[in-house]
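# Structural features, examined
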Amino acid sequence: MVKPANLVPQKYEVLKTRTGAEIVGMTRETTEGIEITLPMICHLQVVPGTNKTQCLFYPYSPLSQEEKIVIPREHIAHKSKMNEQFIPFYDNASSTWMKMIETKTIPLT
């Protein structure tokens, strides 16, 4: 049985959907499925000529004004805890994105 949403704490997770999309965010179990707050996609790329990796987070659904989505459990192939090293980068990217949505300052051209 699933606990009521207000009783299940949020946690940072990586969800892989059955279609292959990988979504990161703060998740919570609800009766409808997995609720993801500020869902984002992470892209990692090696910086040429270095031993560093660039970590880029971008919104899962950039045209949406919603800060939360719910994915039915049957659409989830796998989920795991987010690597703690990435949490500050996710927090920074998601809070910046939320501010741009709230203030209507998304730089569009």
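The structure reproduced in this document is the subject of the present report. Computed from a predicted model, the values in this text were never measured in an experiment. (Residues numbered from 1 in each chain as written. Predicted model: local features only at pLDDT ≥ 70, side-chain atom pairs only at ≥ 80, totals over all residues. Heavy atoms only, no water.)

Let's shift gears to the packing of aromatic side chains. In this structure the tally under the stated criterion is 2 aromatic pairs. Between the aromatic rings of Tyr12 and Tyr90, the centroid separation amounts to 5.8 Å while the plane-to-plane angle is 85°, which identifies the pairing as edge-to-face. Residue Tyr12 is located in strand 1 (residues 11-17), and its partner Tyr90 is located in helix 1 (residues 87-103); the two are separated by 78 residues in the primary sequence. In this structure Tyr12 comes out as partly exposed when scored by relative accessible area, which is 25%. Centre to centre, the rings of Phe57 and Tyr90 are 6.0 Å apart; their planes meet at 75°, and the pair counts as edge-to-face. Residue Phe57 is found in strand 4 (residues 53-59), and its partner Tyr90 is found in helix 1; the two are separated by 33 residues along the sequence. Relative accessible area serves as the criterion here: at 9%, Phe57 is assigned to the buried category. Taking the relative accessible area as the measure of exposure, Tyr90 reaches 0% and is therefore buried. Pairwise contacts between aromatic rings join Tyr12, Phe57 and Tyr90 into one cluster. (Phe/Tyr/Trp six-rings, centres within 6.5 Å; stacked < 30°, edge-to-face > 60°. Helix = DSSP H or I, 4+ residues; strand = E, 2+ residues; numbered from the N terminus. Buried < 20%, exposed > 50% of the residue type's maximum accessible area, 1.4 Å probe, protein only.)

Glancing now at the nonpolar core. Membership of the largest hydrophobic core comes to 13 residues, with the highest contact counts inside it found for Val24, Leu38, Met40, Phe57, Met82 and Tyr90. Of all the secondary structure elements, the ones that give two or more residues to this core are strand 2 (22-29), strand 3 (34-46) and helix 1. Top contributing element to this core by residue count: helix 1, with 6 residues. Those residues within four positions of Met82 in sequence are excluded, and the remaining contacts are Tyr12, Glu13, Val14, Val24, Gly25, Ile87 and Tyr90. Counting residues in each nonpolar core, the second largest holds 6 residues, with Leu15, Ile34, Ile36 and Ile71 among its members. (Core = buried A, V, L, I, M, F, W, Y, C linked by side-chain atoms within 4.5 Å. Contact = heavy atoms within 4.5 Å.)

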